[in-house]
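Given next are the chains, with one letter for each unit.
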Amino acid sequence: MPKLALPRLTFWRGVLLAILAAGTYATFLRVFKGLAGSTNLTDAFPWGLWIGFDILCGVALAAGGFTISATVYIFNLEKFRPIVRPAILTAFLGYVLVVVALLFDLGRPWNVWHPLVMWNPHSVMFEVGWCVTLYTTVLALEFSPVVFERFKMTKTLHVLHVIMPILVVLGVLLSTLHQSSLGSFYLIVPTKLHALWYSPLLPVYFFLTALTLGCAMTIVESFLSNRAFGKELDMELLVPLGRVALLILGVTAVIRFADFRHRGILGLPFAPTYESRLFLAEMIIGVLAPAVLLALPKVRQHRTGLFLSALLIVMGVVMNRLNVSITGMERSSGEIYVPAFTEIAITLSVVGVGFLVFALAVKYLPVFPEHEMKDARPPVAPDALHVAAQPIRSLPMPAIAVVALAFVAAGALGADGVRRREVVPGPPAPAGTPALAAALASFEAPAERTFPQAPDSPGPVSFRHASHVDASAPDCLSCHGNSYSFLGRTQAPPAGLMHDTKHCGGCHDGTSAFSVEDDCAACHKSE
Amino acid sequence: MLNTTAKGLLLDTTRCIGCGACALACKERNGLPKTSDAVLEDKLSDKTFSTVNQVGNRYVRRMCMHCATPSCASACPVAALEKTAAGPVIYHESKCMGCRYCMIACPFGIPKYEWEKKAPLVRKCDLCADRLAKGLKTACATACPTGATTFGDREALVAEARARFAANPGRYREHIYGFEEVGGTSVLLISDAKPEELGYPAGLDETPPPHLTWRVLNIIPDIVMTGAVLLGGIYWIRNRRDEVDAAEGHHDASTKGH
Ligand code: SF4
Ligand code: SF4
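Here is what the cut-offs are and how they apply
- Residues numbered from 1 in each chain as written.
- Chains lettered and ligands numbered in written order.
- Predicted model: local features only at pLDDT ≥ 70, side-chain atom pairs only at ≥ 80, totals over all residues.
- Heavy atoms only, no water.
- Helix = DSSP H or I, 4+ residues; strand = E, 2+ residues; numbered from the N terminus.
- Buried < 20%, exposed > 50% of the residue type's maximum accessible area, 1.4 Å probe, protein only.
- Contact = heavy atoms within 4.5 Å.
- Lys, Arg positive; Asp, Glu negative; His and termini not counted.
- Charge placed at Lys NZ, Arg CZ, Asp CG, Glu CD.
- Rg over C-alpha atoms; globule rule 2.2 N^0.38 Å.
- Areas by Shrake-Rupley, 256 points an atom, 1.4 Å probe, with all protein chains shown as cover.
- Expected span 1.5 Å × (residues − 1).
- Polar contact = N/O pair within 3.5 Å; in protein donor to acceptor, adjacent residues only side chain to side chain.
- Pairing = 2+ DSSP bridges.
- Axes fitted to C-alpha atoms, helices over the stretch in contact; angles between N-to-C directions.
- Near = heavy atom within 4 Å.
- Nonpolar A, V, L, I, M, F, W, Y, C, P; charged D, E, K, R; others polar.
- Buried area = accessible area lost by both parts, 1.4 Å probe.
- Salt bridge = Lys/Arg side-chain N within 4 Å of Asp/Glu carboxyl O.
- Patch = residues over 30% accessible without salt bridge, like charges linked within 9 Å, V, L, I, M, F, W, Y side chains within 5 Å.
- Phe/Tyr/Trp six-rings, centres within 6.5 Å; stacked < 30°, edge-to-face > 60°.
- Parallel < 35°, antiparallel > 145°, perpendicular 65-115°, else oblique.
- Left-handed = near helix turned anticlockwise from the far one by under 90°.

Caption draft 1: Representation of the overall build of chain B. What chain B contains, in helices and strands, is eight helices and 10 strands. Along the longest, intermediate and shortest principal axes, the C-alpha atoms of chain B span 105 × 45 × 35 Å. Residues classed as buried in chain B amount to 54% of the 258 residues present. Considering only intrachain contacts with a sequence separation of at least 6, the fraction spanning at least 24 residues in chain B is 58%. Of the charged side chains in chain B, 32 are positive and 29 negative; the average position of the first set lies 6 Å away from that of the second.

And the structure:
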């Protein structure tokens, strides 16, 4: 049993505390000040960081769960079994956090369950809602043996063992569907999403990048677990994952090239625009640099080299999702979106809570089964002698150069892109003031209206627009803007009150127009 | 597709005098507060569902187009938005969960959100669905004194637009915006200017945007079935090999034993 003691305040714990404090304050703002008081979202830009990062990236980053469980259970590659649990745990936590983040973003979070009962099978979001709900359940079941093991519930374990293949197949199918469907979200906006990212192949891209990310995340998590918990996986497992990631990167790049060629926009990435710069930065960080690195066997088999390549892939996918949801949507919205402090604080908190829960789970549950681990050590801060990571300087020079170049190039492109960021107005409208002659020719004053007659009135009154409106410059609002309804909803003035200043008497006061006291027959028709 | 009796509006910028009657009548019907001192300065918002603004040398109305195949309704995960047979695209507010996908999806940027509220709703024009049900015209068409906003059956409005083209040669750029755009809309626009000069989105395809999504959603059952068989098959083959290996291993061992 771990001893009860106050955890030491290390640097990262301090950072986490600060983030969570900011997140708590942001949550307070979100709850009590609404979306207006806690986000920079507007009618023109209704989806921001919470959708772009917390949802789109969050789901993608959890893709390790289905890639690894498919590898082990379906392809029966037993040697990957030690990664299954951490991968499934990360995925499960990822999805739970995605749902939590969604609650922040929804205008009416208490209705979050509506898609489960109010169906619209034509909606991609309806499909994603169902998939995510089901998949989170599947993940919980896939992970549950870990909990049951802890409490030695053998019967339940046996049942789970029997249905596991079904669960895994289901999980893989559900993941394939919703990972790609997050891309399908944007199929409906061909005129709003920038051509660099809008493609009929959006779902294919989202699926393939999620697969690559599944491999990359497993590598990254394994590396970080080593740093944090002294638990680490065999390089023999991680290197093939790097190879698979490289393969999918290549396939995706070829498909993208063909797609761009087919749509005749091969030159578009080199246009001097904000979008093109950020697109190139995304390609360099997420595709080009990791592909070069992983293609070099010396880098692939190097702990830190492999980690760096995987990290680049992760960053690339994050850039991709943000480009689709933010960069690519800005021009058509006519607005520039910068997330508010609160949006950033919530996002960081969600990530922080993820790390925290993962750490607790690793500590108290058999997530990394000890006997299957290589280099397993008690969870202490890594000491200088036993850091599994190989120093960066032991990487081959070209690899270091590639990483450095990629960051410099992407940084420069990004900076130049942001400098070019601007709202481009549509084509100017023809100048001048409206020429109304032709339009006025079709002006037609509304029909006459007869008012009820009071007992002592000399005769009924009809209101004629024709005699009250200057047909060469009608000013409807001088009356209708104030007391008079457009829709005949206001009652005719009560008989006997017509002369008061709220009605005819308002203008017919002897100054603006002849007075209501002047000539009765002017308005009241006798007989 | 639009049925022939679906109601709609014909907006004609060449007839508009910018009096603002439509915009104020809309506020009156929807019980919306005043949002600016000059009606012509109003922008679409959660408190303004219909505007008439001066765009260059013309007055131009903006409102929901009441698409025949609305992107907003297709996007909404809970079917809170619905195209009715009578023409209007209406909103069932009790269903809405506030995801704002409708706002992303609408090609005309119409749905607006009550960002300030704690239980916000999406707000937009509903083509006066309640008035239509009573046989009345929309509020805006009732108030318009020039025929710049004309109410009627969509088919009749198309005919009316063509009649105006024929009767006034040279007055119009002879294109009915909304006749084919995004698969057709119940609100049609005619003018002497191009849509982009009026601030309307140009280059809209005649394929309704929802079809781009449906095409993909339609193949999901196929993906699921193929995928299930494929994955199941791989599982069976990969794991059967183990069983066979195990059995053979056992066999070998037993023969050796004898
Ligand atoms: S114009 Fe926009 S809000 Fe109106 S029906 Fe079409 S998609 Fe929906
Ligand atoms: S905001 Fe409401 S109406 Fe709009 S898509 Fe989401 S649930 Fe539907």
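After that view of the structure, there is still more to cover.
Caption draft 2: How the structure looks around the overall build of chain A. Of the regular secondary structure elements, chain A holds 17 helices and two strands. What you see for chain A is a C-alpha radius of gyration of 33 Å, clearly larger than the 24 Å of a compact globule of 527 residues, by over 25%. Across its three principal axes, chain A shows a C-alpha extent of roughly 110 × 55 × 45 Å. Per-residue burial over chain A gives 49% buried out of 527 residues. Considering only contacts within chain A whose residues lie at least 6 apart along the sequence, 75% involve residues at least 24 apart. Accessible surface, chain A: about 25,300 Å² in total, of which carbon and sulfur atoms supply 69%.

Caption draft 3: Structural context of helix α6 (residues 124–150) of chain A. Residue and element names in this part refer to chain A. The end-to-end C-alpha distance of α6, which contains 27 residues, comes to 39 Å, matching closely the 39 Å that a straight helix rising 1.5 Å per residue would cover. If you check the start of α6, you find a side-chain oxygen 3.1 Å away from the backbone N of M125, and it comes from S123. At the C-terminal side of α6, K152 shows a positive phi close to 55°.

Caption draft 4: Broad picture of the sheet that holds strand β8 (residues 149–153) of chain B. Residue and element names in this part refer to chain B. The strand order across the open sheet built from four strands is β8-β1-β10-β9, with neighbouring strands paired in mixed fashion. Looking at strand neighbours, the two that pair on one side only are β8 and β9 (173–177), the edges of this open sheet. For this sheet, the mean inter-axis angle between neighbouring strands, taken without regard to orientation, is 20°.

Caption draft 5: A look at the site of ligand 2. Close to ligand 2 lie 14 residues, the nearest being C76, C96, C99, R100 and C102 of chain B. Residue composition of the shell around ligand 2, by class: 12 nonpolar, one polar and one charged.

Caption draft 6: Quick look at the site of ligand 1. In the region of ligand 1, 14 residues are neighbours, and C64, M65, C67, C72 and C106 of chain B sit closest. Looking at side-chain class alone, the shell around ligand 1 contains 11 nonpolar, two polar and one charged residues.

Caption draft 7: Quick peek at the interface of chain A and chain B. Listed by partner, the interface residues are 74 residues for chain A and 79 residues for chain B. Carbon and sulfur atoms make up 65% of the area that chain A and chain B hide from each other, which totals about 6,500 Å². Looking only at chain A, the three residues that lose the most surface to chain B are D43, R108 and I188 of chain A, adding up to 11% of its buried area. For the interface between chain A and chain B, the tally reads one salt bridge. Between R100 of chain B and D105 of chain A there is a salt bridge, with the nearest N and O atoms lying 2.9 Å from each other.

Caption draft 8: Structural detail: a nonpolar patch on the surface. Residue and element names in this part refer to chain A. Taken together, the side chains of Y25, F28, V31, F32 and F341 present a nonpolar region at the surface, about 550 Å² in accessible area. Of the residues forming the nonpolar patch, the biggest block, four residues, is contributed by helix α1 (residues 11–38). Checked against the element boundaries, F341 lands in helix α13 (residues 341–364).

Caption draft 9: Layout of the environment of G316 of chain A. All names here are of chain A. Secondary-structure assignment places G316 in helix α12 (residues 303–333). By relative accessible area, which is 4% here, G316 ends up buried. For G316 and L170, which are 146 residues apart along the polypeptide, the C-alpha to C-alpha distance reads 28 Å.

Caption draft 10: The arrangement of the packing of aromatic side chains in detail. Residues and elements named next belong to chain A. Counted under the stated rule, the structure contains 19 aromatic pairs over all chains. Geometrically, the ring pair formed by W47 and F185 is tilted, given 5.9 Å between the ring centres and 50° between the ring planes. Note that W47 is positioned in the loop between α1 and α2 (49–61) and F185 in the loop between α7 (154–184) and α8 (202–229), a separation of 138 residues in sequence. By relative accessible area, W47 is classed as buried at 1%. Plain terms: the ring middles of W47 and Y186 are 6.2 Å apart, the flat faces sit at 80° to each other, and that makes the pair edge-to-face. Residue W47 is located in the loop between α1 and α2, and its partner Y186 is located in the loop between α7 and α8; the two are separated by 139 residues in the primary sequence. In terms of burial, W47 and Y186 fall into one category: buried.

Caption draft 11: A look at unusual backbone geometry. Residues and elements named next belong to chain B. Of note, L127 is a non-glycine position whose phi angle comes to about 55°, a positive value. If you trace the backbone, L127 turns up in the loop between β7 (122–123) and α4 (129–133). By relative accessible area, L127 is classed as buried at 1%. Positive phi outside glycine occurs at V182, with the angle close to 45°. For V182, the location among the structural elements is in the loop between β9 and β10 (187–191). On the basis of relative accessibility, which here comes to 3%, the residue V182 falls in the buried class.

Caption draft 12: Layout of the packing of helix α3 (residues 64–74) of chain A against helix α4 (residues 81–105) of chain A. All names here are of chain A. It is the contact of α3 with α4, at a shortest axis distance of 8 Å, that shows an interaxial angle of 150°. Compared by their axis directions, α3 and α4 come out roughly antiparallel. Viewed along their axes, α3 and α4 form a crossing whose handedness is left-handed. Two secondary-structure elements touch here, α3 through G64, G65, I68, S69, V72 and Y73 and α4 through R81, I83, V84, A87, I88 and A91.

Caption draft 13: A look at the pairing of strand β1 (residues 7–12) of chain B. Residue and element names in this part refer to chain B. Of all the six residues making up β1, five are buried; the element is thus mostly covered by neighbouring parts of the structure. By the bridge criterion, five bridges tie β1 to β8 in an arrangement that is antiparallel. When the bridges of β8 are listed, L10 appears paired with T150. In terms of strand pairing, β1 meets β10 through four bridges, oriented parallel. Its bridge partner being in β10, L9 is matched across the sheet by V187.

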